[in-house]
2 protein chains.
Amino acid sequence: MKARVHVTLKTGVLDPQGRAIAHALGTLGFDGVQDVRQGKYIELDLAETDKAKAKSAVDQMCAKLLANTVIENYSIELVD
Amino acid sequence: MKARVHVTLKTGVLDPQGRAIAHALGTLGFDGVQDVRQGKYIELDLAETDKAKAKSAVDQMCAKLLANTVIENYSIELVD
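Every value quoted in this text rests on a predicted model; they were computed, and no experiment measured them. Along each chain, residue indices are assigned from 1 in the same order as the chain's sequence is written. Key to labels: chains lettered from A, ligands numbered from 1, both in the order written. Reporting of local features is limited, given that this is a predicted model, to residues whose pLDDT is at least 70; pairs of side-chain atoms are given and counted only at 80 or more, and all residues count toward the totals for whole chains, interfaces and linings. Each side-chain value is worked out from all heavy atoms of the structure, with water and hydrogens disregarded.

## Section: the overall build of chain A
Numbering of helices and strands runs from the N terminus; a helix is a DSSP stretch of H or I covering at least four residues, while a strand is a stretch of E covering at least two. Of regular secondary structure, chain A possesses two helices and three strands. Going from the N terminus to the C terminus, chain A shows its helices and strands as β-α-β-α-β. Here the C-alpha atoms of chain A give a radius of gyration of 16 Å, more than 25% beyond the 12 Å that 2.2 N^0.38 yields for 80 residues. Projected onto the principal axes, the alpha-carbon positions of chain A cover approximately 50 × 25 × 15 Å. Throughout this description, buried means an accessible area under 20% of the type-specific maximum (1.4 Å probe, protein chains only), exposed means over 50%, and partly exposed covers the range between. Within the span of chain A, comprising 80 residues, buried residues form 34% of the whole. Considering only residue pairs separated by 6 or more positions, chain A has 70% of its internal contacts joining residues 24 or more positions apart. In short, Shrake-Rupley with a 1.4 Å probe defines the accessible areas, and a residue's cover is counted only from the protein chains shown. Accessible surface, chain A as shown: approximately 4500 Å² in total, 49% of it carbon and sulfur. Averaging the locations of the 10 positively and 11 negatively charged side chains of chain A gives two centres separated by 4 Å. As defined in this context, the radius of gyration uses C-alpha atoms, and a globule is described by 2.2 Å times the residue total to the power 0.38. Only heavy atoms matter for contacts: two residues are in contact if any of them lie within 4.5 Å across the pair. When charges are counted, Lys and Arg contribute as positive and Asp and Glu as negative, whereas His and the chain ends are disregarded. Lysine's charge is taken at NZ, arginine's at CZ, aspartate's at CG and glutamate's at CD.

## Digging into the relation of the copies chain B and chain A
Here the second copy of the chain follows from the first by a rotation about an axis and a shift along it. The fit set for superposing copies consists of C-alpha atoms from residues with pLDDT of at least 70 in both; the fit itself is least squares. For the pair chain B and chain A, the relating rotation is 180°, the translation along its axis is 0.0 Å, and the fit reaches an RMSD of 0.0 Å. Those values place the two copies in the arrangement expected of a two-fold rotation axis. Relative to the rotation axis, the C-alpha of Lys-40 of chain B is the closest in chain B, positioned 2.4 Å from it. Take the interface residues of chain B: 100% of them recur as interface residues in chain A, which is what a same-surface contact looks like.

## What to know about the packing of helix 1 (residues 16-27) of chain A against helix 2 (residues 51-66) of chain B
At a minimum axis separation of 11 Å, helix 1 of chain A and helix 2 of chain B run at an interaxial angle of 105°. Here helix 1 of chain A is positioned roughly perpendicular relative to helix 2 of chain B, judged by the angle of their axes. Contacts between helix 1 of chain A and helix 2 of chain B involve Ile-21, Ala-24 and Leu-25 of chain A from the former and Met-61, Leu-65 and Leu-66 of chain B from the latter. Across the contact of helix 1 of chain A with helix 2 of chain B, the residue classes tally to six nonpolar, no polar and no charged. Axis lines are fitted through C-alpha atoms, for helices just across the contact stretch, and the angle between N-to-C directions can take any value from 0 to 180 degrees. Here roughly perpendicular refers to angles of 65 to 115 degrees, roughly parallel to angles under 35, roughly antiparallel to angles over 145, and oblique to all remaining angles. Three categories are distinguished: nonpolar for Ala, Val, Leu, Ile, Met, Phe, Trp, Tyr, Cys and Pro, charged for Asp, Glu, Lys and Arg, and polar for the others, with Gly belonging to the last.

## Concerning the side chain of Glu-72 of chain B
Residues and elements named next belong to chain B. Here Glu-72 shows up in strand 3 (residues 72-79). We define a salt bridge as a side-chain nitrogen of Lys or Arg found within 4 Å of a carboxyl oxygen belonging to Asp or Glu. Of the side chains with opposite charge, Lys-40 comes closest to the buried, unpaired Glu-72, at an N-O distance of 4.1 Å. Leave out the neighbours within four places in its chain, and Glu-72 touches Val-7, Thr-8, Leu-9, Lys-10, Lys-40, Leu-66 and Ala-67.

Right, dumping it as C-alpha cells:
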C-alpha cells in the first residue's frame, strides 16, 4: 500500500522559501503571483495491506518524524 | 485561482533524503516501510482567473524555475 503525505506550514507561519520563489518568479517576468507556500510531499511504500492500520502507522510517523506539529500541518492519503 | 504543484524525482534518480527518512523510520521502530521518496509541494496563489492561461503560466514556471526537468517530474492541479 502506498501513502502520500503532504506537510505544509500552518497559516501565519512565515515561509521564507515560498517568499523566495515568489520573488524569483517576479524577476522572471511572471506577474500576478500573489502568494507562494512551499511544503513537503512524501511518498511511502508500505508492506501493510490493512488500510486502517496503515493510516494509523503513517499518522504516528508524521507526528514523530515527518512533520513538526508545532508549525506544520500534515495530511495523509492512502492508495492501494 | 490556486495552483498546486508537485515536484518529484524521476524514477531511477537516487533520493538520499527519502533514504534518510526510511532509515530514521526504521530506527524509530516502524517496520514495513519499503521505500520513501521525498518531493516538493508548492501552492501558488494566482491573480489569473482563466484556467487555460493559468495552467500554461504555471507550466512555464515549473519548466523555468520550480522543477529541474532533467531529474524531476512535475504535475499541476488547478483549484478555483
